[in-house]
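Observations on the three-dimensional arrangement
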Amino acid sequence: MASLEADRQRARGRPPTSSSTRPAARPTVRARVPLRQLLRVASVACGIQFGWALQLSLLTPYVQELGIPHKWASIIWLCGPLSGLLVQPLVGHMSDRCSSKFGRRRPFIVAGAVSIVVSVLIIGHSADIGWLFGDRGSYRPRAIVAFVFGFWILDVANNMTQGPCRALLADLTGKDHRRTRVANAYFSLFMAVGNVLGFATGSYSGWFKILPFTMTAACDVDCANLKSAFFIDIIFIAITTYLSVLAAKEVPLGSCDRSTPVYGEGSEQPGGQAEETFLWELFGTFRYFSGTIWIILSVTALNWIGWFPFLLFDTDWMGREIYGGQPNEGGNYNAGVRMGAFGLMLNSVVLGFTSLLMEKLSSKRGAGFVWGVSNIIMALCFLSMLILSYVANHMDYIGHDLPPDSIVIAALVIFAILGVPLAITYSVPYALISTRIESLGLGQGLSMGILNLAIVIPQIVVSVGSGPWDQLFGGGNSPALAVAGVAALASGLMAILAIPRSSSQKPRALP
């Protein structure tokens, strides 16, 4: 009879629910978790995003100052997508089955936060480490090795922390789609707050005066500012992680709730076979996806082909193409990088306000439509950046003076407007995939990992190709931004035309 029932469910296009194939059951959680509790749980996003903002604003210029050419700078960012390709799905899979007395998600959040602290200490001291092992001059290979090692750990740690936190929010909201959207909007709001604080920290050039011990024989003013900013990041990640894990009231997953596809209930699997089971389950779930889920994943992939060149080269674009500078050649480049960080801070302010309006926008027009329109806005902004680069390069200030105020203001306005689509990117796809995968019975940790695959695979493509692609057209960032604009436009049209509106739900008052 069990076999017959499994066959019937396969015929309906749904995964069988027998005990031998059923994914991890979600533990019973308390109904209607208060919104203030969801707000505190989501606060860890502020600490994570503070460090991410420092990465985006300072690390691409910094790695070029260590001696890596611009065309290879994007390869450094390959660490993140490669680590995220398996780390986040694996962490999601493990957290779905974690039976710790502290809960399923919180142990991974804490472990990720500790790893972030270790990694930023390595990155901040990479020049000192290189000096200790013999680096001298403008090209510092040992410092680069230390930097890349710390950068790799940082991206693994970000994936280890962010995925379980989103899964925890989905656990707490259960099947209430509206509250799931609200929880993801909270997460997006705290990402905006972290961005504002991180980019403000990155745009300030006087941290070395406040923390003078950061300057050493190997670490000049710019390096000391970077090191100081990461010390501040450690404080933020410690505070927000404490608030988040303290607020979450998880019900521990007992051994009777664990899914054991090969062995019997409560049995332990050898490490190698457990990994094989994970990979089988991860890729085996694809065949149960509806067309809508595949569309969401496709839009997400195109969306991130659009976002990643901007996130990778935003401050570098400001330093090179608006301020006309080069790394380690005069002050224009560093002035442009700091102005770019200020522009990203404005971007984050807009992102925060947009997050507050997310639920109202999605409920009125549909999440897919809102997502599509935001992607078209994103494409228009990238087109505006290309036009602005062309105008700036044909003005006579390049190479000997600072850009006119009108050019700088136009660039800052573009950065600020991009906060609208970025807020929607940080929220809507996660809410859409969470509510639609719910019906398949998959754990929320694994579902976040699956969505992450649609994010990191495009990032790998961009990391490998953007530097050589830019160099093919004479250097600069415009070729990568042109590809980003086309991808953003395609994702916008696909979201508007192909993602159906969610089934209407009766509005309920949120306490």
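Details of helix H9 (residues 177–203)
Taking 1.5 Å as the rise per residue, H9 with 27 residues should run 39 Å; its terminal C-alpha atoms sit 38 Å apart, in good agreement. In terms of burial, H9 is a largely internal element, 20 of the 27 residues being buried.

Here's the deal with helix H8 (residues 141–173)
An ideal rise of 1.5 Å per residue puts 48 Å on 33 residues; H8 measures up with 48 Å between its terminal C-alpha atoms. Counting buried residues in H8 gives 26 out of 33 residues, a clear majority hidden from the surface. The positive-phi residue at the C-terminal boundary of H8 is Gly174, with phi of around 65°.

As for the environment of Ile407
Inspection of the secondary structure puts Ile407 in helix H17 (residues 405–417). Sequence separation between Ile407 and Ser389 is 18 residues; the distance between their C-alpha atoms is 9.4 Å. Ignoring sequence-local partners within four residues, the contact set of Ile407 consists of Ile322, Leu388, Val391, Ala392, Met395 and Tyr397.

A look at the state of the cysteines
In the structure shown here, the tally under the stated rule is one disulfide. The disulfide partner of Cys219 is Cys223, and the S-S distance across this bridge is 2.0 Å. Its S-S torsion of about -100° marks the bond between Cys219 and Cys223 as left-handed, since a negative value means left-handed. Neither Cys219 nor Cys223 differs from the other in exposure class; each is buried.

A short note on the packing of aromatic side chains
Scanning all chains against the criterion turns up ten aromatic pairs. Seen in terms of ring centroids, Phe50 and Phe236 are 4.6 Å apart; in terms of plane orientation they differ by 10°. Their pairing is stacked. Of the two residues, Phe50 sits in helix H3 (residues 44–65) while Phe236 sits in helix H11 (residues 221–247), which places them 186 residues apart along the sequence. Taken together, a centroid distance of 5.7 Å and an interplanar angle of 20° make the contact between Phe147 and Phe151 stacked. Taken together, the residues span about one helical turn, with Phe147 and Phe151 both in helix H8 at a distance of four residues. Joined through ring pairs, the aromatic side chains of Trp307, Phe310, Trp317, Phe382 and Phe415 make up one cluster.

A look at the packing of H9 against helix H14 (residues 332–356)
Two elements in contact, H9 and H14, have axes separated by 8 Å at closest approach and are oriented at 160°. Taken together, the axes of H9 and H14 are roughly antiparallel relative to one another. As for how H9 packs across H14, the hand of that crossing is left-handed. Residues Ala185, Ser188, Leu189, Ala192, Asn195, Val196, Phe199, Ala200, Gly202 and Ser203 of H9 touch H14, and the partners they reach there are Arg338, Ala341, Phe342, Leu344, Met345, Ser348, Val349, Leu351, Gly352, Ser355 and Leu356.

Quick word on the confidence of the model for the protein
The share of residues in the protein with pLDDT of 70 or more is 77%, and the mean pLDDT across the chain is 78. When the elements of the protein are averaged for pLDDT, helix H1 (residues 2–11) gives the smallest value, 45, and H17 the largest, 94. In the model, residues 255–276 has pLDDT below 50 throughout and makes 27 contacts with residues more than four positions away in sequence or in other chains. Counting contacts from residues 503–511, a segment whose pLDDT is below 50, to residues more than four positions away or on other chains yields 16 contacts.

Regarding a nonpolar patch on the surface
Taken together, Leu380, Leu383, Ile387, Tyr390, Val391 and Met395 make up a surface patch of nonpolar side chains, about 560 Å² in accessible area. Tracing the backbone shows Met395 in the loop between helix H16 (367–393) and H17.

Points about the pattern of salt bridges
Tallying each qualifying case throughout the model produces five salt bridges. Asp135 is the partner of Arg142 in a salt bridge, and the nearest nitrogen-oxygen pair spans 3.0 Å. With a relative accessible area of 41%, Arg142 lands in the partly exposed category. On the basis of relative accessible area, Asp135 is assigned to the buried category, the value being 2%.

Analysis parameters
- Within every chain, residues take consecutive numbers counted from 1 along the sequence as written.
- Where local features are concerned, this predicted model is filtered to residues with pLDDT of at least 70; where side-chain atom pairs are given and counted, the filter is 80 or more; whole-chain, interface and lining totals use all residues.
- To obtain the side-chain values, all non-hydrogen atoms of the structure were used and water was disregarded.
- Put simply, DSSP marks the helices as runs of H or I at least four residues long and the strands as runs of E at least two long, and each gets a number from the N terminus on.
- Expected span, for any helix, means 1.5 Å times one less than how many residues it has.
- Relative accessibility decides the category of a residue: with a 1.4 Å probe and only protein chains considered, values under 20% of the type maximum give buried, values over 50% give exposed, and everything between is partly exposed.
- Note on definitions: a residue-residue contact is assigned when non-hydrogen atoms from the two residues lie within 4.5 Å.
- When two cysteine sulfur atoms lie within 2.5 Å, the pair is treated as a disulfide.
- Centre distance within 6.5 Å is the pairing criterion for rings of Phe, Tyr and Trp, where only the six-membered ring of Trp is used; planes under 30 degrees apart are then read as stacked, over 60 as edge-to-face, and the remainder as tilted.
- Between the N-to-C directions of two axes lies an angle of 0 to 180 degrees, each axis being a line fitted to C-alpha atoms and, for a helix, fitted only over the stretch in contact.
- Any angle from 65 to 115 degrees is called roughly perpendicular, while one under 35 is roughly parallel, one over 145 is roughly antiparallel, and all others are oblique.
- Handedness of a crossing is defined here by the sense of rotation of the near helix relative to the far one, left-handed for an anticlockwise turn of less than a right angle and right-handed for a clockwise turn.
- Here pLDDT means the predictor's own confidence in every residue, given as a number from 0 to 100.
- Each patch is assembled from residues with relative accessible area greater than 30% and no salt bridge, linking like charges that lie within 9 Å and nonpolar side chains (Val, Leu, Ile, Met, Phe, Trp, Tyr) that lie within 5 Å.
- The protein chains shown are the only cover counted for residues, whose accessible areas, like all others here, come from Shrake-Rupley with a 1.4 Å probe.
- Salt-bridge detection follows one rule: a side-chain nitrogen of Lys or Arg within 4 Å of a carboxyl oxygen of Asp or Glu.

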